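# Fold and geometry: a report
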There are 2 protein chains.
Amino acid sequence: MANIQSSNGDWFKVTSVILNLFLLFFSFVGANWKLSWSEKAAAEAEAVASVSCSGHGRVYLDSLLLDGNPICECNTCFSGPDCSQFIAGCDANVNSGDPLFLEPFWMQHAASSALLVAGWHRMSYSFSDGSYMSQQLEKRIRKVHEIVGNANTTGRFIVFGSGSILLLNAAVYALSLDNSSSPAGVVASIPYYPAYKEQTNFFRSLDYRFIGDTSMWENTSDVKTNVIEFVTSPNNPDAQLKKAVLQGPFVKTIYDHAYYWPHFTAIPAPADEDLMIFTLSKLTGHAGSRFGWALIKNETVYQRMLQYTRENSFGVSRDTQLRALKLLEVVLEGEGKEIFDFGYKTMKDRWEKLSKILSVSKRFSIQQIAPRYCTYFQQVRGPSPAYAWFKCEREENKDCYAVLSAAGITGRDGNLFGAGSGYVRLSLIRTQDDFDLMLQKMETLVSGEDGIETMRRRQSTFRQF
Amino acid sequence: MANIQSSNGDWFKVTSVILNLFLLFFSFVGANWKLSWSEKAAAEAEAVASVSCSGHGRVYLDSLLLDGNPICECNTCFSGPDCSQFIAGCDANVNSGDPLFLEPFWMQHAASSALLVAGWHRMSYSFSDGSYMSQQLEKRIRKVHEIVGNANTTGRFIVFGSGSILLLNAAVYALSLDNSSSPAGVVASIPYYPAYKEQTNFFRSLDYRFIGDTSMWENTSDVKTNVIEFVTSPNNPDAQLKKAVLQGPFVKTIYDHAYYWPHFTAIPAPADEDLMIFTLSKLTGHAGSRFGWALIKNETVYQRMLQYTRENSFGVSRDTQLRALKLLEVVLEGEGKEIFDFGYKTMKDRWEKLSKILSVSKRFSIQQIAPRYCTYFQQVRGPSPAYAWFKCEREENKDCYAVLSAAGITGRDGNLFGAGSGYVRLSLIRTQDDFDLMLQKMETLVSGEDGIETMRRRQSTFRQF
């Protein structure tokens, strides 16, 4: 018995020593070998991420501090230290195209999308090939287009820009540089994304100027000056798939495909144009990262656009390029299935809810989008546009923006899109809070219509008595 | 004895159990609680950082891969899988102003400068105040100027840009927008940073054009058109502290203070001009991050520059702004002592070594910089410029760039700075490898001069016999 006890004691000692050594190794050798200088940054990020903002806000590493603690940044219409207080009477903000509908996706993919940037990461102006562009990122971009099937990258050069907005002007610059005594005219079809006009005019170039709606030039066969046509497909604001209107030796076309992703539209076929522009903002939702790219067939145009990005800012921030690479790696997981499923379902759900409310309205309408076969999802799919192109149908509501404002909904005035005050763009890609509040206000607005109101009043009277 | 043994055994058991529990907690509870979703990213960054490139290169997270492993990116003139092979006959590259002299500083400060970016970090276009600029970063920038004493930020607005290069053009744009029938003329004093001319001409604006050397306009009292003068202080390429040359109601001035940091110059007093431009590239060495800022007194000019950055690219990447914040936090440690000591010592050492070699030359010279009292270091300090402004003194060496090229040194041709072919700019802020190789080639070049060569030959003959 004593022997057995003694034997048990020795066994215990030996196993304890082995276990201790193993754990010591794991704790102080293993763990430290795995993480040393990066640990503080990782812990900081997790601490910040763990702050609760009640699902109506979030804290960032660079949020403002109060008594040394970062303050919650609340969604519109929410306030308080933890964003839990709804601001009564607050207007629904569906103005800008802030793509925060994808924020929950990235929170759900925290581990795969996290990125640790070392202090000495890419301090140089140039990559090792002397360029300002990451070859790895270029490869991932081509791969993303390949798996989605939304653009043919074969035989195309790629130029990166600080958001697609920069590339729009770079493209206008590049296409306007042909021997011509007069400046090139830039056109877009109404309704068009306001930046085309605003930006083209803003830079006051000798070589180009905005000359209005495409249709004004459609039958002008005697145009001798260069014309640059912006084609946005799907269109911002109305989500229609578009083709170039103008043709001929003096016409050049810039295809803005910001929204040509399965979140927002069926993909009938790969886009195959000479100059196509895309943006991370509407693919992954990272508008704040300011990253876009252009696919360019013509080498001279490519070289000019590249030079534009060089003269403008020596290319895109290498920090941004690294982040875009990490995000696209997550996009590529499962051939995009996760992000596009999430994106499509979210947008489809929002569109259906808004459509349902408006289906009973006689005063208001939104655009019609037919179901269409999508080569990416390999099925016919319904609409899921980024924006509702909202129309006030009645003459007395000709200032549609004011009508919505009075109902507590802040959209974007149709005048900015060249379409007149009868229209308002409603952004459907913002936070769920923004969308939900807009939906609620819209329901109230629509239910206040003549017939609907009368019906509701009768029901209400019936219930009261 | 048995009791003592038994007592010892129990003690051993109890301590073992406690130790095991502690270690288990630390390993599997403690460590996991501290880090979860961020751990993979941190481990990836450390794995990449641990790859050895023999001190002549480094691996980045977005380096190209070979068989799944990232490839070393070698310094100029080094090659091989671990950058250990010197490329015989390779020219010293001292052309661009790549500020890699600070790379070792950041490697030494790995823990404090590491940054973990969450996948959902700042996806929105705007910060919570609706702007495109981080308030935290703005505060840090003002603090850095305060501790360094190199600029008065009081009563100044701040605009961020994707590198100071973008802000140069934004400033020209903003200052040229006055009611005038003719475009504003942009001038700079020879020798000047080539981008002023190149960029101003490149964008082909209706409102401004480059009209040459400032001195051509100095005595033209009848100038009725607006003139915008670039003043670079310390000057690129020759490191002189400069003041505006032109005065008068039609003159506006842009101060480019990219190099006005203790690394490169004594700080006699805080700069106090109406429009001053700075860049992260030459403060922390992160040229690749593309971040600069302007301090602006006049509100209208500020608003115009802000609008320029908005029309250009909706502001600076939020990823870059976060990184700049982290880096400036490290700069601020110990009131800047660590980074400025490191920077000044490195640059001073390089300058002294080059000066010593050239001190015996009759063919070549570099600029003279007098010692000066520095309010930051609170002492008189010697020169430590970013560039050597190298002059070929003899008529037969009038193509100085070719003379240096033949000696295996690639500088930047003085013609680009408006100074003629008798000058070449040598960058002293690149990697230690680049500098060391240039020094070696310079020594050979100088020792080959008539008198020096004869002297060396005699010594050589004496030694041989």
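The structure displayed is predicted, hence computed values, not measured ones. (Residues numbered from 1 in each chain as written. Chains lettered and ligands numbered in written order. Predicted model: local features only at pLDDT ≥ 70, side-chain atom pairs only at ≥ 80, totals over all residues. Heavy atoms only, no water.)

## A few points about the sheet that holds strand 11 (residues 208–213) of chain B
Residues and elements named next belong to chain B. Test applied: The pairing criterion is simple: DSSP has to find at least two bridges between the two strands. Put simply, DSSP H or I for four residues or longer makes a helix, DSSP E for two residues or longer makes a strand, and each gets a number counted from the N terminus. Axes, fitted as lines to C-alpha atoms, cover a helix only where it is in contact. Angles between the N-to-C directions of the axes lie from 0 to 180 degrees. The contact rule is simple, with two residues in contact once any of their heavy atoms fall within 4.5 Å.
The strand order 9-15-14-13-12-10-11 describes an open sheet built from seven strands, whose pairing is mixed. Because the sheet does not close on itself, it has two edges, and the strands there are strand 9 (157–161) and strand 11. Strand after strand, the sheet turns through a mean of 25° between neighbouring axes, direction not considered. Pairing of strand 12 (residues 227–232) with strand 13 (residues 251–256), which is carried by six bridges, proceeds in the parallel orientation. Note on strand 13: the bridge partner recorded for valine 231 is tyrosine 255. Here helix 7 (residues 195–202) sits on the sheet in contact with strand 10 (184–188), strand 11, strand 12 and strand 13, set at roughly 150° to strand 11.

## Looking at the relation of the copies chain A and chain B
The line we're drawing: Overlaid copies result from least-squares superposition on C-alpha atoms, with residues included only where pLDDT is at least 70 in both.
For the pair chain A and chain B, the best superposition has an RMSD of 0.0 Å and corresponds to a rotation of 180° with a translation of 0.0 Å parallel to the axis. The operation mapping one copy onto its partner corresponds to a two-fold rotation axis.

## Remarks on the sheet that holds strand 22 (residues 423–427) of chain A
Residue and element names in this part refer to chain A. With respect to topology, four strands assemble into an open sheet ordered 16-19-22-21, the strand pairing being antiparallel. Across the chains shown, the open sheet's two edge strands, defined by having one partner strand only, are strand 16 (364–365) and strand 21 (412–413). As paired strands, strand 21 and strand 22 are joined by two bridges and run antiparallel to one another. Residue pairing across strands places aspartate 413 opposite valine 424, the latter belonging to strand 22.

## A few points about the pairing of strand 19 (residues 387–392) of chain A
Residue and element names in this part refer to chain A. Filter applied, for reference: Each residue's exposure class comes from its accessible area (1.4 Å probe, protein chains only) as a fraction of the maximum for that residue type: buried when under 20%, exposed when over 50%, partly exposed otherwise.
For strand 19, the tally of buried residues reaches five of six residues, placing the bulk of the element in the interior. In the sheet, strand 16 pairs with strand 19 via two bridges, with the strands oriented antiparallel. When the bridges of strand 19 are listed, serine 365 appears paired with lysine 391. In this structure, strand 19 lies alongside strand 22, joined through five bridges in antiparallel fashion. From the neighbouring strand, lysine 391 faces strand 22, where its bridge partner is tyrosine 423.

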